[in-house]
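Topology and contacts: notes
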Amino acid sequence: MKIPAYSRYDLLLQVITLPLNVSVLTWILVGPKYWQSWKTVGLAIPSASIILYINWLNNNVLALKIQQRYSKPKQYRERVVRMFLLAATSSCLHTSLIFAFFAFIHLPGFEVDFSRLGYGLLFTITCVAIVMSVYESIHNFGYWQQSRQEVDLLTKAQLQVQLDAMRQQVNPHFLFNSLNSLISLIEEDPHQASTFAEELSTVYRYLLRSNDCPLTTLASELEFIQSYYHLLKTRHGEALTLITRIQPGVELAQLPPLTLQLLVENAVKHNVVLPEQPLTISLTATGQQLTVSNNLQRKQSRVLSNGIGLSNILTRYQALGSLQPVVEEDGQEFRVTLPLL
């Protein structure tokens, strides 16, 4: 018979249950004269320990085979019923063997009393039920942990796929809007259109570099957003203002790339930007957070949007497993507070 490898749970349960089981079972089978003679205790405990240890090995082999055969969660009932029946039968046979062995060696103080054997069998079945419940709880907990890990891995993989897809969407999305602005400028002011095209090439180089980076420094994002702001100023002039308030030492903190560009772009896209209704965007970094806010003056006409702005940012932070951005609106101001990593 191949003895299965012990797990830490097997050893722990055996250390706890075997001495207790041996002591109580031998006392039940022998009766009130059990403690009257050290010779009785000295013979009963070693012989019962050996037989019950063999019983434990036998039950362990049976349990492993049943778990392998009925390993699926939906087979829980079949596994428990079969395991209990086999373990209870094996344990009752070994308890009867102990009773017969005591009678065979004429254990001092032992009298053949089948009522005591019945109590011993009842105690054995109770112990089997308790130990099996503990084993099943450990087994189910291990399966739950494994399932939880698999779900976490699948969730992270799904988030990564979504994140990669959104990264691929950012560049065409930005390029489409920029080309629309460039076309408008070519008709209105060819000189500004030339300046706009030069700045666009600089900005787009940053977009290509950042596409493969999950994180970038706040300093890099601020440098990039100034170039992007220059593009917007070419189009909107004094109707658009960008204010930055950055606490010293925060520049080395990190955040997902293009986060500021998406928020500034959303602010311009969804709000009126006119000389008589100027739009002011503020970037304020203090401690471990960055707040991007703008005065709220929504456009009356419906703005065509593919919805990748805020959802892109939320998905990126979710994939990183960090705190989520907080989006707030009070009727006068729209704010997004970003955790700095």
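Residues numbered from 1 in each chain as written. Predicted model: local features only at pLDDT ≥ 70, side-chain atom pairs only at ≥ 80, totals over all residues. Heavy atoms only, no water.

Let's shift gears to the overall build of the protein. Assigned secondary structure in the protein consists of eight helices and seven strands. In the protein, which comprises 341 residues, the proportion classed as buried is 40%. Pairs at least 24 apart in sequence give 74% of the contacts found in the protein among residues at least 6 apart. Summing over all exposed atoms, the protein offers an accessible surface of approximately 19400 Å²; the carbon and sulfur share of this is 61%. (Helix = DSSP H or I, 4+ residues; strand = E, 2+ residues; numbered from the N terminus. Buried < 20%, exposed > 50% of the residue type's maximum accessible area, 1.4 Å probe, protein only. Contact = heavy atoms within 4.5 Å. Areas by Shrake-Rupley, 256 points an atom, 1.4 Å probe, with all protein chains shown as cover.)

For the rest of this paragraph, the subject is the pattern of salt bridges. Side chains bearing opposite charge may pair, as long as their charged atoms lie close to each other. What the rule picks out here adds up to five salt bridges. Glu-328 is paired through a salt bridge with Arg-335; the nearest N and O atoms lie 3.6 Å apart. Residues joined in a network through salt bridges with shared partners are Glu-328, Asp-330, Glu-333 and Arg-335. (Salt bridge = Lys/Arg side-chain N within 4 Å of Asp/Glu carboxyl O.)

Its identity as a non-glycine residue notwithstanding, His-106 has a phi of 55 degrees, on the positive side. Located in the positive-phi region is Leu-258, a residue other than glycine, with phi close to 70 degrees.

Turning our attention to helix H6 (residues 218-236). In this model, H6 (19 residues) spans 25 Å end to end at C-alpha, consistent with the 27 Å of a helix rising 1.5 Å per residue. Along H6, the residues that are buried comprise Leu-218, Glu-221, Leu-222, Phe-224, Ile-225, Ser-227, Tyr-228, Tyr-229, Leu-231, Leu-232 and Thr-234. Within two residues after H6, Gly-237 carries a phi angle of roughly 65 degrees, on the positive side. (Expected span 1.5 Å × (residues − 1).)

Next up on the list: the packing of aromatic side chains. Under the criterion given, the structure shown has five aromatic pairs. Pairing Tyr-53 with Trp-56 gives two aromatic rings, centres 5.7 Å apart and planes at 40 degrees, and the pair type is tilted. Taken as a pair, Tyr-53 and Trp-56 lie in helix H2 (residues 38-69) at a separation of three residues, close to a single helical turn. Overall, the relative accessible area of 32% leaves Tyr-53 in the partly exposed class. Residue Trp-56 is classed as buried on the basis of its relative accessible area of 11%. When the ring of Phe-224 is compared with that of Tyr-228, the centres are 6.3 Å apart and the planes differ by 25 degrees; the resulting orientation is stacked. (Phe/Tyr/Trp six-rings, centres within 6.5 Å; stacked < 30°, edge-to-face > 60°.)

The next point concerns the packing of H2 against helix H3 (residues 76-104). What describes two packed helices is the angle between their axes and the distance between those same axes. The interhelical angle for the contact between H2 and H3, taken along N-to-C directions, is 160 degrees, at an axis separation of 10 Å. Put simply, H2 runs roughly antiparallel to H3. Crossing of H2 over H3 shows right-handed handedness. Taken together, the residues of the contact of H2 with H3 sort by class into 15 nonpolar, eight polar and two charged. (Axes fitted to C-alpha atoms, helices over the stretch in contact; angles between N-to-C directions. Parallel < 35°, antiparallel > 145°, perpendicular 65-115°, else oblique. Left-handed = near helix turned anticlockwise from the far one by under 90°. Nonpolar A, V, L, I, M, F, W, Y, C, P; charged D, E, K, R; others polar.)

Turning to the UniProt feature "transmembrane region" (unreviewed entry) in the protein, a few remarks are in order. Within this structure's numbering, the places UniProt gives as "transmembrane region" (unreviewed entry) are residues 12-30, 42-62, 83-105 and 117-138. As annotated, residues 83-105 comprises 96% helix and 0% strand, and the C-alpha atoms at either end are separated by 33 Å. Helix makes up 100% of residues 117-138 and strand 0%, and the two end C-alpha atoms of the span are 31 Å apart. (UniProt positions renumbered as here; feature names shortened; annotations may be inferred.)

On to the nonpolar core, then. Grouped burial of nonpolar side chains is what soluble globular proteins tend to show. Core analysis: the largest hydrophobic core is formed by 42 residues, its most contacted members being Leu-218, Leu-240, Leu-260, Ile-281, Leu-290 and Leu-338. No other element matches H6, which puts eight residues into this core. (Core = buried A, V, L, I, M, F, W, Y, C linked by side-chain atoms within 4.5 Å.)

The next thing to look at is the confidence of the model for the protein. Of all residues in the protein, 84% attain a pLDDT of 70 or more, and the chain-wide mean is 79. The model gives residues 1-7 a pLDDT under 50, and that stretch makes 11 contacts with residues more than four places away or in other chains. (pLDDT = per-residue confidence, 0-100.)

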